[in-house]
Amino acid sequence: MTKRTAKILERLDQAYGTDALCYLNHDNAWQLLIAVILSAQCTDARVNIVTADLFQKYDTLEKFAQADITELEQDIHSIGFYHSKAKNIISCCRDLVTKFGGEVPSSLEDLTSLAGVGRKTANVIRGNVYHEPSIVVDTHVKRISNRLGFTTESDPYKIEQDLMKVLPKDHWILYNMQIITFGRSICMARSPKCSECFLQDLCEAQDRCGQE
């Protein structure tokens, strides 16, 4: 790890702490998995509003697996792409019940075999549930990692591989949590608050921020 990277991580730790907090409300692994599937192209805040009622109505994995797709679509209607998400959730939960004994698997291969689960979702589960060092590449991580010079890639998989080389393992899942907060409050996609940024002197994109 370079001195510059160490400084960036130290400042992120100071600003946001070192507790890996998940912004999606859940009580167990399968609830988190469903919440992450729902969160695609949607805010965590909106997902949390929907799942507050959803997880009371469908309070077991089996109820999701046996859900009527039209009814489930109505239950998640306020979230984007609700047709495909309802279909994926039912299929995913059926596989969890029939193939994995009602347990959310921990391996990347098993997780990505589930409907609606890609590397990003799988790594959220691996990091938050099983505490396996995992890097989650969302829009904030993609944008800010490029601005910080940690990667020049645009493909999420390639960004993940670059970050694995740059960041120490103990910051893999933590980096995502910190960058989400940083990206929402300071380093926004448009009109970033560079003058308020505690990483300004370490940023490689000051002259092009907000122009990506």
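Up top you'll find the structure we're talking about.
For clarity, every value in this text was computed on a predicted model and none was experimentally measured.

Draft legend 1. Quick peek at the overall build of the protein chain. Along its length, the protein chain carries 11 helices and zero strands. Secondary structure elements in the protein chain, listed N-terminal to C-terminal, are α-α-α-α-α-α-α-α-α-α-α. For a compact globule of 212 residues, the expected C-alpha radius of gyration is about 17 Å, and the protein chain comes in at 18 Å, within 12% of that figure. Counting only residues that meet the buried cut, the protein chain has 46% of its 212 residues in that class. In the protein chain, the proportion of contacts linking residues at least 24 apart, taken out of those at least 6 apart, comes to 58%. Put simply, the protein chain shows about 10900 Å² of open surface, and 48% of that area lies on carbon and sulfur atoms.

Draft legend 2. Looking closely at the layout of surface pockets. Space inside the largest pocket adds up to approximately 690 Å³. Mapped by element, the contributors of at least two residues to the lining of the largest pocket are α8 (119-128), α9 (139-147), α10 (156-166) and α11 (172-185). Residues belonging to the lining of the largest pocket are distributed by class as follows: 15 nonpolar, eight polar and seven charged.

What counts, and at which threshold
Residues numbered from 1 in each chain as written. Predicted model: local features only at pLDDT ≥ 70, side-chain atom pairs only at ≥ 80, totals over all residues. Heavy atoms only, no water. Helix = DSSP H or I, 4+ residues; strand = E, 2+ residues; numbered from the N terminus. Rg over C-alpha atoms; globule rule 2.2 N^0.38 Å. Buried < 20%, exposed > 50% of the residue type's maximum accessible area, 1.4 Å probe, protein only. Contact = heavy atoms within 4.5 Å. Areas by Shrake-Rupley, 256 points an atom, 1.4 Å probe, with all protein chains shown as cover. 1 Å grid on protein atoms, 1.4 Å probe; cavity = no way out; pocket = protein on both sides within 12 Å on 5 of 7 lines; lining within 4 Å. Points joined across faces, edges and corners; volume = space filled by probe spheres on them. Nonpolar A, V, L, I, M, F, W, Y, C, P; charged D, E, K, R; others polar.

All quantities given are derived from atomic positions and should not be read as evidence of function.
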